[in-house]
Amino acid sequence: SMAVPAHGGAMPSVPQLRSSTVVMRNFPTAWVEPSTLSDLPSRVAKILSRFGQVVRPPEVRAASGAPIFAHATFSDVLMAQAAVQTLHGVDMRSEDEKQRVAGGPPEEHQKFWAQLKTEEAASP
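Residues numbered from 1 in each chain as written. Predicted model: local features only at pLDDT ≥ 70, side-chain atom pairs only at ≥ 80, totals over all residues. Heavy atoms only, no water.

K.L.:
I tried to follow the packing of aromatic side chains on my own but got confused; where do I start?
P.N.:
A ring pair, where both rings are aromatic, is described by two values, the distance of the centres and the angle of the planes. This structure, assessed with the given rule, holds two aromatic pairs. Relative to phenylalanine 112, the ring of phenylalanine 27 lies with its centre 5.5 Å away and its plane at 70 degrees, an arrangement referred to as edge-to-face. Residue phenylalanine 27 is located in the loop between strand 1 (21-25) and helix 1 (40-48), and its partner phenylalanine 112 is located in the loop between helix 3 (95-100) and strand 4 (113-116); the two are separated by 85 residues in the primary sequence. Residue phenylalanine 27 is classed as buried on the basis of its relative accessible area, which comes to 9%. Since its relative accessible area comes to 3%, phenylalanine 112 is described here as buried. With a centroid separation of 6.5 Å and 80 degrees between ring planes, the pair formed by phenylalanine 69 and tryptophan 113 is classed as edge-to-face. (Phe/Tyr/Trp six-rings, centres within 6.5 Å; stacked < 30°, edge-to-face > 60°. Helix = DSSP H or I, 4+ residues; strand = E, 2+ residues; numbered from the N terminus. Buried < 20%, exposed > 50% of the residue type's maximum accessible area, 1.4 Å probe, protein only.)

K.L.:
I keep staring at the sheet that holds strand 1 and nothing clicks. Help me out?
P.N.:
For sheets, the rule is that strands pair by backbone hydrogen bonds, running either parallel or antiparallel. Strand order in the open sheet made by the four strands is 2-3-1-4, with antiparallel pairing throughout. Of all strands in the sheet, those with a lone pairing partner are strand 2 (54-61) and strand 4, marking the two edges. With strand direction ignored, the average angle separating the axes of adjacent strands in the sheet is 15 degrees. Summarising the sheet, strand 1 and strand 4 pair through four bridges and their orientation is antiparallel. Following the sheet pairing, arginine 25 is matched in strand 4 by tryptophan 113. This element, helix 2 (residues 77-87), spans strand 1, strand 3 (69-74) and strand 4 of the sheet and lies at about 155 degrees to strand 4. (Pairing = 2+ DSSP bridges. Axes fitted to C-alpha atoms, helices over the stretch in contact; angles between N-to-C directions. Contact = heavy atoms within 4.5 Å.)

Here it is, written out as structure tokens:
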């Protein structure tokens, strides 16, 4: 007779269809200035560590003239989902930036952007 795991969990060999990698952009202005950009991975790691274990440290992509992206991988998809749900759309402006528009709402590029990476069959 075939042994079936009692807890009904998926076997580790089954590829995960939902990605546990989070892609982020729209960082606070002060985080992405030339003098502070090198600190971005540790800042991102600090934020993400509130949601669970990050297994691949944040990688930052800063191509000339393109928005700065970072991505990091959690050990579990539920952690990644929690991070995205909590962080996406958060107003990342400094107090100065808010005062400049007299407390008006943030523009799209001033709201933190976080999504799950959509590569269904992520290569190992």
